[in-house]
Structure formats: C-alpha cells, structure tokens
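Now for the letters of each chain:
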Amino acid sequence: MSLLDYEFGLEYDVMLSAWGEGVLSESSLPDFQQPDVILKKYKKEYRRMPESISLYIQDPMDFGYDYGYTGVASAFLEKLETLKELNNNTMIRSTFDSFAESFARENKLRFRHSDFVFAEYELEYAPESTRLIMQFRRDGSVVIKEDVSSPGTSASNTLGGSFYHKLNKEFHKTNDAEEIADMFSKGLRDAILKDGRLSDFIAKAKTHNLFTGNHR
C-alpha cells in the first residue's frame, strides 16, 4: 500500500510526500491521491499549472521498519512530466543511501536531504527540553533549528520557542561535529556528541552529492 500526501504553495508549488513499500505507482494509490487529481486541485485553486514540484520519498527504515520503496513506476513519473521544464523544477527529498537518492541519481533529478533531528536534551533542574533539527532549504542554505519546549511558568525558564543557527552551505567540508557542537551550551554540546547522528551525517555527506543551490 502507498500513501501520497500533498501541500500547496509552500517551498514548492506542490510538495508531495510518499510513504509505502514496493513500487510507487498509480495503482497503489487511492483515487483521491492520484497525481492527476492533485494537479487538477492545484489548477482549480491557483488557475495555473504548478511551476515547481517536490517529491519526498520517505524511508521507513529510518524509523526502524524493514521495508520501503524499491521503485517508481514510469507511468507515475510521466504524470509529473506533463509539467513544463520538469527536470529543472523537480526535487527528490529523502536520506542518504535510500532508494530515493539512487532514484534521483539514475533519473538525473535533483536530490535534497530531508530535515532530521540530531540531538535532544532535557534540563535536570527545569521542565525544559530542546531538540536540534538540521534543515536544508530550497535555496541550498542550511540552518539548525533549536526547538525549546518549556511548559512551566517559573522565572528561570524560557517559556519555549524556536531559534535558528545558520551554517555554511558546505559545512560538511569545513566543520566537524565537535566544532558545530561548540556553538551550543555544554548540555547540548554533550548531547550532540553522544547522539552521533551529526557526526555520521557529516561523514556521509563527504562522499554524497549534497544539494547546495537553488534549482529554479
């Protein structure tokens, strides 16, 4: 079974997100999630066809499952190819070493790594937790989103919020995990290094093609 979610008018005119196993095809999707239906809804709402489209092929193995997509039916892709200049305005998003990355490379489509959490930390003396998320944006820029959650009302906490830390587009070539961890407090720094996901990502990014520029 496949699921195809969609959103309009965000980073791309149409942002598709696919989840499932086997081959992503029209026959594996319910009627209301067919590409034709989604594009028709976009045209009705915006009175034009979309100029840019993003397909996020989720990798269930990142969440501990032992299955995922093994292919994309040519007929499914052809539905998207009805858009003008598709090959210049389509972005495949997922994780390194996933089927989606291989698919993008084989079909000469642009590949952008999906956002991912690389550290979480909870204060011992206050009901406050922090999550660090690496975000890869459409223009190729990279930021760390620091999400702070604090349900309490004492004067000692931040009451929560989101804070952004900009990184060099090619930070994986110029910085290691320790240098990036040094940007944060000791508690977060230790959590980043103990978690290991940032270090693993940087190591893989050195041997993979990491999107660093606007595709429009």
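Owing to the predicted nature of the structure, the values given are computational and were not obtained by experimental measurement.

Cut-offs and rules
Residues numbered from 1 in each chain as written. Predicted model: local features only at pLDDT ≥ 70, side-chain atom pairs only at ≥ 80, totals over all residues. Heavy atoms only, no water. Helix = DSSP H or I, 4+ residues; strand = E, 2+ residues; numbered from the N terminus. Contact = heavy atoms within 4.5 Å. Buried < 20%, exposed > 50% of the residue type's maximum accessible area, 1.4 Å probe, protein only. Arc of directions from axis to C-beta. Pairing = 2+ DSSP bridges. Axes fitted to C-alpha atoms, helices over the stretch in contact; angles between N-to-C directions. Core = buried A, V, L, I, M, F, W, Y, C linked by side-chain atoms within 4.5 Å.

Student: Can you explain the side chain of Q33? Please cite residues and give values.
Tutor: The residue Q33 is located in the loop between β3 (22–24) and α1 (35–46) in this model. When sequence neighbours within four positions are dropped, the list of residues in contact with Q33 reads S2, L3, L4, D5 and I38.

Student: Explain the environment of S94 to me, using residue names and the numbers behind them.
Tutor: Structurally, the position occupied by S94 is in strand β6 (residues 90–94). S94 sits in the buried class, given a relative accessible area of 1%. Note: C-alpha distance between S94 and Q58 (36 residues apart in sequence) is 5.9 Å. Not counting residues up to four positions away in its chain, the partners in contact with S94 are Y56, I57, D59, A100, F111, R112, H113 and S114.

Student: Run through helix α7 (residues 186–195), naming residues and quoting values.
Tutor: Every α-helical turn comprises 3.6 residues, leaving residues that sit three or four positions apart pointing alike. Of the residues making up α7, those classed as buried are G187, L188, A191 and I192. Along the axis of α7, the buried residues cluster in a sector spanning 135 degrees; they form a single face. Of the residues in α7, the exposed ones pointing more than 90 degrees away from the buried face are K186 and K194. Residues of α7 that are buried in the fold lie against β8 (116–122), β9 (129–136), β10 (142–149), α6 (177–181) and α8 (197–205). Taken from the residues just after α7, G196 is the one with a positive phi, measuring 90 degrees.

Student: Explain unusual backbone geometry residue by residue, including any values.
Tutor: In this structure, R47 is a non-glycine residue whose phi angle is positive, near 60 degrees. Along the polypeptide, R47 turns up in the loop between α1 and β4 (53–57). Look at D97: it is not a glycine, yet its phi comes out positive at around 65 degrees. Following the sequence through the fold, D97 ends up in the loop between β6 and α4 (99–106).

Student: Would you mind going over the sheet that holds strand β11 (residues 161–167) in detail, with residue names and values included?
Tutor: The four strands are arranged β8-β9-β10-β11 in an open sheet whose pairing can be described as antiparallel. Looking at strand neighbours, the two that pair on one side only are β8 and β11, the edges of this open sheet. Shown here is a sheet whose adjacent strand axes are inclined to one another by a mean of 20 degrees, direction ignored. Note: β8 against β9, six bridges, orientation antiparallel. Note that in β9 the partner of E120 across the bridge is R131.

Student: Help me get a handle on the nonpolar core, residues and values and all.
Tutor: Residues I92, F118, M134 and F201 are the most contacted members of the largest nonpolar core, which totals 45 residues. The dominant element in this core, judged by the number of residues it contributes, is α8, at four residues. Residues in contact with I92, not counting those within four places in the same chain, are L55, I57, A100, F103, A104, L109, R110, F111 and R112.

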